[in-house]
Amino acid sequence: MSERRCSIAALYHLDKSTRAPLFEFTLCGPDGQTLLFSATYFAKELALSAIEDCMTSSSFDDRYQRLFTTSGPFSFHLLNLARQVIARSNDYASIEDREAAIAACKRSGPTAALQDNT
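Presented here is a report on the structure given in the accompanying data block. Just so it is clear, the structure is predicted and the values come from calculations on it, not from any experiment. In every chain, residue numbers begin from 1 and rise along the written sequence. This being a predicted model, a pLDDT of at least 70 is required before a residue's local features are given, and a value of 80 or more before pairs of side-chain atoms are given or counted; all residues contribute to the totals for chains, interfaces and linings. Calculated side-chain values reflect all of the structure's heavy atoms, with hydrogen atoms and water omitted.

Re helix H1 (residues 44–57)
Then, in step 1: In this model, H1 (14 residues) spans 20 Å end to end at C-alpha, consistent with the 20 Å of a helix rising 1.5 Å per residue.
Then, in step 2: For each residue, the accessible area found with a 1.4 Å probe, counting protein chains only, is set against the maximum for its type, and the residue is called buried under 20%, exposed over 50%, and partly exposed in between. Only DSSP runs of H or I with at least four residues qualify as helices, and only runs of E with at least two residues qualify as strands; both kinds are numbered from the N terminus onward. When we look at burial in H1, the residues that qualify are Ala 47, Ala 50, Ile 51, Cys 54 and Ser 57. For H1, the arc enclosing every buried residue in end-on projection is 135 degrees, short of the 170-degree limit, so these residues lie on one face. Residues of H1 that are exposed and point over 90 degrees away from its buried face: Glu 45, Glu 52 and Thr 56.
Then, in step 3: Any pair of residues with heavy atoms lying within 4.5 Å of one another is described as a contacting pair. Here the buried face of H1 lies against strand E1 (11–16), strand E2 (23–28), strand E5 (75–79), strand E6 (85–88) and strand E7 (113–116). A helix is expected to reach a length of 1.5 Å times the quantity of its residues less one. Here the arc refers to the directions that run from the helix axis out to each C-beta atom.

A short note on the nonpolar core
Then, in step 1: Residues belong to one nonpolar core when they are buried, are Ala, Val, Leu, Ile, Met, Phe, Trp, Tyr or Cys, and are joined through side-chain atoms within 4.5 Å. Grouped together as the largest cluster of nonpolar side chains are 24 residues, with contacts concentrated most on Tyr 12, Phe 25, Leu 36, Cys 54, Phe 76 and Leu 78.
Then, in step 2: Secondary structure elements with two or more residues in this core: E1, E2, strand E3 (34–37), H1, E5, E6 and helix H2 (95–108).

Here's the deal with H2
Then, in step 1: An ideal rise of 1.5 Å per residue puts 20 Å on 14 residues; H2 measures up with 20 Å between its terminal C-alpha atoms.
Then, in step 2: Residues of H2 that are buried include every one of Arg 98, Ala 101, Ile 102, Ala 104, Cys 105 and Ser 108, and no others. Axial view of H2: buried residues confined to an arc of 160 degrees, hence all on one face. Opposite the buried face of H2, by more than 90 degrees, sit the exposed residues Glu 96 and Arg 107.
Then, in step 3: Of the surrounding secondary structure, the elements contacted by the buried residues of H2 are E3, strand E4 (64–67) and E5.

A short note on the pattern of salt bridges
Then, in step 1: Any carboxyl oxygen of Asp or Glu within 4 Å of a side-chain nitrogen of Lys or Arg constitutes a salt bridge here. Summed over the entire model, instances satisfying the criterion amount to 5 salt bridges.
Then, in step 2: One salt bridge connects Lys 44 with Asp 116, and the closest N-O pair in it is separated by 2.7 Å. In this pair, Lys 44 is assigned in helix H1 and Asp 116 in strand E7, connecting sequence segments 72 residues apart.
Then, in step 3: Residue Lys 44 is classed as partly exposed on the basis of its relative accessible area, which comes to 26%.
Then, in step 4: Overall, the relative accessible area of 37% leaves Asp 116 in the partly exposed class.
Then, in step 5: Taken together, the shared-partner salt bridges connect Asp 61, Arg 66, Arg 98, Glu 99 and Lys 106 into one network.

A few points about the packing of aromatic side chains
Then, in step 1: Stacked, edge-to-face and tilted are the three classes for Phe, Tyr and Trp ring pairs, Trp counted by its six-membered ring, which pair at centre distances within 6.5 Å; planes under 30 degrees apart are stacked, over 60 edge-to-face, the rest tilted. Summed over all chains, the structure comprises 3 aromatic pairs.
Then, in step 2: Judged by centre distance (6.3 Å) and plane angle (65 degrees), the rings of Tyr 12 and Phe 25 are edge-to-face. In this pair, Tyr 12 sits in strand E1 while Phe 25 sits in strand E2, placing the two residues 13 residues apart along the sequence.
Then, in step 3: Residue classification places Phe 25 among the buried positions, given a relative accessible area of 0%.
Then, in step 4: With a centroid separation of 6.4 Å and 10 degrees between ring planes, the pair formed by Phe 25 and Tyr 41 is classed as stacked. Of the two residues, Phe 25 sits in strand E2 while Tyr 41 sits in the loop between E3 and H1, which places them 16 residues apart along the sequence.
Then, in step 5: For a ring to carry a charge above it, either NZ of a lysine or CZ of an arginine must fall within 6 Å of the ring centroid while also lying within 35 degrees of the normal to the ring plane. Between Arg 98 and the ring centre of Phe 68, over which it is positioned, the NZ or CZ distance is 4.7 Å.

Here it is as structure tokens:
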């Protein structure tokens, strides 16, 4: 997924996938950084439900699955209550960058507005 630059407010962007008729979303922080991106969904309602899961789960540290490698890149998954992956992060060059992105998700995820581009 390409890097999306966002506006001033944190937003969930719901889009039609390039592989129509699928849907996908991203969470962008107020600084324009893409924080999370989803898998593709066969129905818009499923994508909206996953966004609701992100809003609910993003404030809980134990819902972040930190992925480790010996030398990077570093990334994470956001999990729902059932411990299923609902969104993924970009790759980060350091653990510190990954942790900063998780902190940004915790701040922005629960209250970000929805921009429906479908």
